[in-house]
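# Summary of structural features
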Amino acid sequence: MANLGSLERAIMEALWDADKPLRVRELLGMLSEERELAYTTVQTVAERLVKKGLLVRTPYRNAFRYAAAKSRDQHVSDLMLEALAASTDRLPVLARFAQSVAEEDALALMAELRRRQRRSTT
């Protein structure tokens, strides 16, 4: 994920995989399986992700619960659209993407574009 450090990515992945918002202590338990982390480190990075608009936090007793502000799919889609918007000439970028994507992904994309076209004509 663009512009995210490794711990930020790990926190986002943990929250996307979780079925509910998590407290820092719960995140720490999940992340500590891979590396040794301090509670305050995880808390600081979670707050940084809140400021970036990637997480939302809600009060829970004397702490906060954190959740992803949008789904993994939406986040990745937004990154792709942001990269596309950075180009002054989108057609070559789209053509290169179409040529580079795996065939099964290209077929899925074409099917989705057909559905979109049908919806817009009805």
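Residues numbered from 1 in each chain as written. Predicted model: local features only at pLDDT ≥ 70, side-chain atom pairs only at ≥ 80, totals over all residues. Heavy atoms only, no water.

With that settled, consider the packing of helix α1 (residues 6-17) against helix α2 (residues 24-31). As a packed pair, α1 and α2 sit with axes 10 Å apart at the nearest point and diverge in direction by 105 degrees. Considering the angle they form, α1 stands roughly perpendicular to α2. Seen from α1, the contacting residues are Leu7, Ala10, Ile11, Ala14 and Leu15; seen from α2, they are Leu27, Met30 and Leu31. Counted by class, the contact of α1 with α2 contains eight nonpolar, no polar and no charged residues. (Axes fitted to C-alpha atoms, helices over the stretch in contact; angles between N-to-C directions. Helix = DSSP H or I, 4+ residues; strand = E, 2+ residues; numbered from the N terminus. Parallel < 35°, antiparallel > 145°, perpendicular 65-115°, else oblique. Contact = heavy atoms within 4.5 Å. Nonpolar A, V, L, I, M, F, W, Y, C, P; charged D, E, K, R; others polar.)

Packing of α1 against helix α3 (residues 39-51) leaves a shortest axis separation of 10 Å and a crossing angle of 80 degrees. The angle between α1 and α3 places the two elements in the roughly perpendicular class. Residue-level inspection shows Leu7, Glu8, Ile11 and Met12 of α1 in contact with α3, the latter providing Thr41, Val42, Val45, Ala46, Arg48 and Leu49. Split by residue class, the contact of α1 with α3 holds seven nonpolar, one polar and two charged.

This paragraph deals with the side chain of Glu8. Position of Glu8 among the secondary structure elements: in helix α1. Classification of Glu8 as buried rests on a relative accessible area of 5%. Only 2.7 Å separates the side chain of Glu8 from the backbone nitrogen of Gly5, close enough to count as a polar contact. Filtering out sequence-adjacent residues up to four positions away, Glu8 remains in contact with Asn3, Val45, Arg48, Leu49 and Lys52. (Buried < 20%, exposed > 50% of the residue type's maximum accessible area, 1.4 Å probe, protein only. Polar contact = N/O pair within 3.5 Å; in protein donor to acceptor, adjacent residues only side chain to side chain.)

Empty space within the largest pocket amounts to approximately 760 Å³. Considering the residues around the largest pocket, the lining is formed by 20 residues, among which Met80, Leu84, Leu94, Phe97 and Leu109 are closest to the centre. (1 Å grid on protein atoms, 1.4 Å probe; cavity = no way out; pocket = protein on both sides within 12 Å on 5 of 7 lines; lining within 4 Å. Points joined across faces, edges and corners; volume = space filled by probe spheres on them.)

Where strand β1 (residues 22-23) lies against strand β3 (residues 63-68), two bridges are found, and the strand directions are antiparallel. For Leu22, the partnering residue across the bridge sits in β3 and is Tyr66. Where strand β2 (residues 55-60) meets β3, six bridges bridge the pair, whose relative direction is antiparallel. Note that in β3 the partner of Tyr60 across the bridge is Ala63. Linkage of β2 to β3, two consecutive antiparallel strands, is achieved through a turn of two residues, within which Arg61 is found at a positive phi near 55 degrees. (Pairing = 2+ DSSP bridges.)

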